[in-house]
Amino acid sequence: MAYTDIDKPSDYFNTKLYTGTGSSQSITGVGFQPNWVWIKSRSLAVNHYGYDSVRGVDKRLQQNISNAESDTDTAWFRSFDSNGFTIGSEANINTSSATFASWNWKAGTSFTNDASGTGIGSIDSAGSVNQDAGFSICTFTGTGSAGTIKHGLNTVPKMIIVKGRSEAKAWTVYHSALGAGKAIFLEQTSASTTSDAYFGGTTPTSSVFSVGSSTNVTGNGITFVSYCFAEKKGYSKFGSYTGNGNADGTFVYTGFKPAFIMVKNTSTGGWQLRDNKRTTFNLLTNLNYANSSSAEQTTDGIDFLSNGWKLRNAAGDNNASGTAYIYMAFAENPFVTSTGVPATAR
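The present account deals with the structure reproduced in this document. (Residues numbered from 1 in each chain as written. Predicted model: local features only at pLDDT ≥ 70, side-chain atom pairs only at ≥ 80, totals over all residues. Heavy atoms only, no water.)

### A closer look at the nonpolar core
Judged by nonpolar contacts, the single largest core of 34 residues is most densely connected at Trp105, Tyr227, Phe229 and Met262. Listing elements by their share of this core, those giving two or more residues are strand S3 (36-41), strand S9 (99-105), strand S12 (135-141), strand S14 (159-164), strand S19 (223-229), strand S22 (256-265), strand S23 (271-275) and strand S27 (324-334). Apart from residues no more than four positions distant in its own chain, Trp105 is found in contact with Tyr12, Phe13, Phe32, Pro34, Asn35, Trp36, Trp38, Phe135, Phe229, Phe260 and Phe330. By size, the runner-up hydrophobic cluster in this structure holds 23 residues, among which are Phe140, Tyr174, Ala183 and Phe209. (Core = buried A, V, L, I, M, F, W, Y, C linked by side-chain atoms within 4.5 Å. Buried < 20%, exposed > 50% of the residue type's maximum accessible area, 1.4 Å probe, protein only. Helix = DSSP H or I, 4+ residues; strand = E, 2+ residues; numbered from the N terminus. Contact = heavy atoms within 4.5 Å.)

### Brief notes about the side chain of Thr254
Among the structural elements, Thr254 can be located in the loop between strand S21 (251-253) and S22. Relative accessible area serves as the criterion here: at 7%, Thr254 is assigned to the buried category. A polar contact of 2.7 Å, which involves the side chain of Thr254, links it to the backbone oxygen of Phe256. Residue contacts for Thr254: discarding those within four places in its chain leaves Lys237, Asn307, Gly308, Trp309, Tyr327 and Ala329. (Polar contact = N/O pair within 3.5 Å; in protein donor to acceptor, adjacent residues only side chain to side chain.)

### Regarding the side chain of Ser236
With respect to the helices, strands and loops of the structure, Ser236 is situated in strand S20 (residues 236-242). What makes Ser236 buried here is its relative accessible area of 2%. There is a polar contact of 3.3 Å between the side chain of Ser236 and the backbone oxygen of Ala230. Leaving out residues up to four positions away in the same chain, Ser236 has contacts with Ala230, Glu231, Phe256, Ala329 and Phe330.

### Section: the environment of Gln297
Within the fold, Gln297 resides in strand S25 (residues 297-305). Residues Gln297 and Tyr235, spaced 62 residues apart in sequence, show a C-alpha to C-alpha distance of 27 Å.

### Considering the sheet that holds strand S8 (residues 84-87)
Across the sheet, which stays open at both edges, the 3 strands sit in the order S2-S8-S7 with antiparallel pairing between neighbours. Two strands close off the open sheet at either side, each with one partner strand: strand S2 (25-28) and strand S7 (77-81). On average, each strand axis in the sheet is tilted by 20 degrees relative to the strand beside it, whichever way the strands run. Bridging between S7 and S8 involves 4 bridges; their strand directions are antiparallel. Paired with Phe77 across the strands is Ile87, a residue of S8. (Pairing = 2+ DSSP bridges. Axes fitted to C-alpha atoms, helices over the stretch in contact; angles between N-to-C directions.)

### Some points on empty space enclosed by the protein
By the definition in use, this model includes 1 cavity of 30 Å³ or more. Estimates place the volume of the largest cavity at around 40 Å³. The wall of the largest cavity is formed by Ile261, Val263, Gln272, Arg274, Ile302, Trp309, Leu311 and Asn318. Counting only elements with at least two residues in the lining of the largest cavity, the list comes to S22, S23 and strand S26 (308-311). Here the lining of the largest cavity is composed, by residue class, of 5 nonpolar, 2 polar and 1 charged. (1 Å grid on protein atoms, 1.4 Å probe; cavity = no way out; pocket = protein on both sides within 12 Å on 5 of 7 lines; lining within 4 Å. Points joined across faces, edges and corners; volume = space filled by probe spheres on them. Nonpolar A, V, L, I, M, F, W, Y, C, P; charged D, E, K, R; others polar.)

### Some points on the packing of aromatic side chains
By the definition in use, this model includes 34 aromatic pairs. Taking 6.2 Å as the distance between ring centres and 75 degrees as the angle between the ring planes, the aromatic pair formed by Tyr18 and Phe85 counts as edge-to-face. Taken together, the residues span a long stretch of sequence, with Tyr18 in strand S1 (residues 13-19) and Phe85 in strand S8 at a distance of 67 residues. An identical accessibility class is assigned to Tyr18 and Phe85; each is buried. The side chain of Arg60 reaches across the aromatic face of Trp76, ending 4.0 Å from its centre. (Phe/Tyr/Trp six-rings, centres within 6.5 Å; stacked < 30°, edge-to-face > 60°. Lys NZ or Arg CZ within 6 Å of the ring centre and 35° of its normal.)

Set out below in structure tokens:
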């Protein structure tokens, strides 16, 4: 029995911490050339910033607000490099002596899809995909009507994040635990909403995902980007759990030792971001909220284990009694590698 599809998760996802210098610097040690870089200051109350190789190095989105894409100069993000990325002097991502976290994903294989020519989907798309890691970045232009879009994964995505680029639109999230008849929003604390207008009420397939008629996902003439994720055994998991409201909290099984998790209360609550680099031992208390510009907090402790995580708090944002939560998680190590080497607990 194979325990994992990927023996070395850090070839495809990695958290890299750095300290600002106030002048241009190359951030190295990521371990690969990233295609999506998400940056947040730990010590400063500034926005989240996202860059990807499909939209280009000079195109900035901010995960905690719904603003349209911004063009930037070389003071911001400069390049995706073979072992990381280079940033300019912009204070929001490089204030001298301030601390920062970056979360990095690898796609890498370009694709384009002329829907009318290939018969795949109804809306043209282009992007970058890594089928081994189950991650793709897709761009498309809305038609104002429901449609289908090629994602490139060659397997069914479990989570999709769609963001309007040319106009201010919500970060609209499909999560398989909620189903295609619901959506939830990355920059908001609000509960999931029930409507087919976002993802058409249609579960994604191995070739396409659906969008409904909402301008958040297919406004006529609006450009969009989507980040699509499929599960890979021993590397990634997109699931749900129910809190127990107890300091001896719920255990969430993933089949791997986590490197990164993002958790959202499906009712009101923020999106908690945690990783294995900011706290290198249990109890993990360092976190940011994807929906907030606030500096890093130390609260709501959890343990990262060899096969999942254990909640050690009764907080409403991750362990309220009887409350449903959704999550995305990526591995530091699979529980057991393909050659039989087990992960160790922290």
